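Descriptive structure summary
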Amino acid sequence: MDQRLSVAIVGGGIGGLAAANAMMRRGLKVTVFEQAPELGEVGAGVMLTPNCIRLLQRMDLGAEIDRLGARITEGSSYRRRDGSVVGPIKTSDTAGQCGVYGMHRADLLTMLANRLPRDAVRTNHCCVGFSQDAQAARLSFANGETFEADVVIAADGIHSRLQREVVEPARPVFSGMVAYRGLVPADRLPQWRRDVHLIWMGEGKHFMVFPVRSGQLLNFVGFLPSDYAAEESWSGLGDAAALAQSFTGWEAPVEQILAKVEKPFWWGLFDREPLDHWTRGRLALLGDAAHAMLPHLGQGANQSVEDAVALAAMLARAQRSDVAQALVAYEQMRRPRAVKVQLGARANGRRYDSQYDDLAQRDAEIADAGTLRAWLYDYDVEKELGC
Ligand SMILES: Cc1cc2nc3c(=O)[nH]c(=O)nc-3n(C[C@H](O)[C@H](O)[C@H](O)COP(=O)(O)OP(=O)(O)OC[C@H]3O[C@@H](n4cnc5c(N)ncnc54)[C@H](O)[C@@H]3O)c2cc1C
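Here the structure is a predicted model, which is why all the values come from computation and not from measurement.

Within the sequence span of helix H6 (residues 252–259), burial applies to Val254, Ile257 and Leu258. When H6 is viewed along its axis, its buried side chains cluster within an angular range of 100 degrees and face the same direction. For H6, the exposed residues lying more than 90 degrees away from the buried face are Ala252 and Ala259. In the core, the buried residues of H6 are packed alongside strand E13 (173–185), strand E14 (198–202), strand E15 (205–212), strand E16 (217–225) and helix H5 (240–246).

Their axes nearest at 9 Å, the elements helix H1 (residues 14–25) and helix H4 (residues 105–114) cross at an angle of 25 degrees. The angle between H1 and H4 places the two elements in the roughly parallel class. H1 and H4 meet at a crossing whose hand is left-handed. Contacts from Ile14, Leu17, Ala18 and Asn21 of H1 reach H4 at Leu108, Leu109, Leu112 and Ala113. Looking at the contact of H1 with H4 residue by residue, the class counts come to seven nonpolar, one polar and no charged.

Right, let's get into the site of the ligand. If you check the shell around the ligand, you find 33 residues, and the closest are Gly11, Gly13, Gly15, Gly287 and Gly300. Listing elements by their share of the shell around the ligand, those giving two or more residues are H1, strand E3 (45–48), helix H7 (288–291) and helix H8 (300–316). Here the residues of the shell around the ligand are counted per class, giving 14 nonpolar, 13 polar and six charged.

This next bit is on the pairing of E3. Side chains on a regular strand alternate between the two faces of the sheet. Residues Gly45 and Met47 line one face of E3 and the alternating positions Val46 and Leu48 line the opposite face, and both faces are buried. Here E3 runs beside strand E7 (residues 101–104); their pairing, made up of four bridges, is antiparallel. Bridge pairing in E7 places valine 46 opposite methionine 103.

Of all nine residues that make up E16, eight are buried, and the element is covered over most of its length. For E13 and E16, the ladder comprises nine bridges, and the chain directions are antiparallel. Within E16, the residue paired with valine 178 across the bridge is leucine 224. Bridge count between E15 and E16: seven bridges; the pairing is antiparallel. Its bridge partner being in E16, methionine 208 is matched across the sheet by valine 221.

The eight strands are arranged E6-E5-E14-E15-E16-E13-E18-E17 in an open sheet whose pairing can be described as mixed. Each of the sheet's edge strands pairs with one partner strand only, and the pair in question is strand E6 (85–88) and strand E17 (236–237). Against the sheet, helix H10 (residues 359–367) touches strand E5 (77–80) and E6, its axis set at about 25 degrees to E6.

Moving on, we get to the packing of H1 against H8. Between H1 and H8, whose axes approach to 8 Å, the crossing angle comes to 30 degrees. Judged on the interaxial angle alone, H8 and H1 are roughly parallel. Considering the relative orientation of H1 and H8, their crossing is right-handed. Across the interface between the two elements, Ile14, Gly15, Ala18, Ala19, Ala22 and Met23 from H1 touch Ala301, Ser304, Val305, Asp307, Ala308, Val309, Leu311, Ala312 and Leu315 from H8. Of the residues belonging to the contact of H1 with H8, the class tally is twelve nonpolar, two polar and one charged.

Now for the nonpolar core. Core analysis: the biggest nonpolar cluster contains 114 residues, and Ala19 and Ile153 have the highest contact counts within it. The element best represented in this core is H8, accounting for ten residues. Beyond its immediate stretch of four places on either side in the chain, alanine 19 contacts Ile9, Ile153, Ala155, Leu286, Ala308, Leu311 and Ala312.

Right, let's talk about the sheet that holds E7 for a bit. The three strands are arranged E3-E7-E4 in an open sheet whose pairing can be described as antiparallel. A strand with exactly one partner marks an edge of an open sheet, and here the two such strands are E3 and strand E4 (70–71).

Cut-off values and rules
Within every chain, residues take consecutive numbers counted from 1 along the sequence as written. Thresholds applied to this predicted model are a pLDDT of at least 70 for local features of residues and 80 or more for the giving and counting of side-chain atom pairs; totals over whole chains, interfaces and linings are not thresholded and use all residues. Residue burial is a threshold on neighbouring C-beta atoms within 10 Å of the residue's own C-beta, all placed from the backbone, with 20 or more meaning buried, 12 or fewer meaning exposed, and counts in between meaning partly exposed. Helix and strand definitions follow DSSP, with helices as H or I runs of at least four residues and strands as E runs of at least two, each counted in order from the N terminus. Here the arc refers to the directions that run from the helix axis out to each C-beta atom. Throughout, a residue-residue contact means that the two C-beta atoms, derived from backbone geometry, are no farther apart than 7 Å. Each axis is a line fitted through C-alpha atoms, and for a helix only the stretch in contact is used; angles between axes span 0 to 180 degrees, taken between their N-to-C directions. We call two directions roughly parallel when the angle between them is under 35 degrees, roughly antiparallel when it is over 145, roughly perpendicular when it lies between 65 and 115, and oblique otherwise. The hand of a helix crossing depends on one turn: near helix anticlockwise from the far one by less than a right angle means left-handed, and clockwise means right-handed. Throughout, the ten residues Ala, Val, Leu, Ile, Met, Phe, Trp, Tyr, Cys and Pro are labelled nonpolar, Asp, Glu, Lys and Arg are labelled charged, and all others, Gly among them, are labelled polar. As a rule, any residue with its backbone-derived C-beta atom within 6 Å of a molecule or strand is reported as near that molecule or strand. When DSSP locates at least two bridges between a pair of strands, those strands are taken to pair. Among buried residues, those of type Ala, Val, Leu, Ile, Met, Phe, Trp, Tyr and Cys that are joined through C-beta atoms within 7 Å form a set called a nonpolar core.

Next comes the structure, spelled out in structure tokens:
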């Protein structure tokens, strides 16, 4: 009989695939179940920050990130809508060892999936049921299949089906903002630098651009207030003309990039209040299922990778008989930091959208973003775990 712990991961997003990589590296037996017919069909740019980059480098993915991502360099800045600079954007950890990268979500998912054995990921598997007892946890899927494992990880995103098996379902909190995002081929904007992250801040809205896919594509996101809580979906089509109109009169590069946009996608910005618990018995939540957050610290993907690495280390030390304790240890370690990031993302959104009576105070905080970001970027989850 296979003595390894068997882990079923529900959700083949960034958190689920990162967890599968981290767990296989530690000798666990892993199967990922994804509802979609293909991995990574939808999405645009995600930022990978040093707290995550150092973990992916240890999985031997550094060269792939260099190849597929776009390293963000000096010259990145926070600006007012007229282009006046408020301060630099931090582009590495304090030691200067790990950088910040823009990456297309599809490239990141492909990179993570390519490291897994082919039969480790089962697409077209929408999880619809969960049960557990002293011996095992069981999953059932919409296609009629079932699966039994020692541990189940719910990495099934902001709409998590499995979250309700752990806590009372948490209602989504609408932030009052919607985001329009999309990609513009960089050769359509030859004057644009392909290695900088720029954020423009105006009253009640902000706009950002960063490169992905080794600088071939520029990823933009425009954040706007809205009474209408556009769906919590990543794939709604937005109106390019209305988007351009909302940023009329902003610094020329903002208007220039928006003039090239044909079909932006939009999504409503929701998060959840921090959950009281992340685990129940053999089941643990990970990534957005555990701590759905606003994107204003760029940490959704990065925190899910931290979760993944922590959980893999905890389970690698566990026996079949003490799986539940290992999951509680994971929650105790990860939850305080993730809650701090969840709440920090809300606060940073207020900075970017200039929701301050005293804008000089906002500017001072932004100009000191290096300090603000150090606790995020310098953190090494494996060092904290002593491994
Ligand atoms: C389609 C999509 C596009 C995104 N685009 C961007 C983007 O452009 N920029 C950005 O910064 N962030 C984006 N994100 C969010 C970002 O990927 C996450 O915030 C972050 O990576 C945390 O990842 P996660 O693994 O917890 O959740 P997700 O990345 O959301 O992954 C959850 C996965 O679980 C699957 N799933 C859900 N329910 C079930 C079920 N019942 N059974 C089986 N599988 C299930 C989903 O299909 C999905 O693949 C996107 C997320 C999604 C799902």
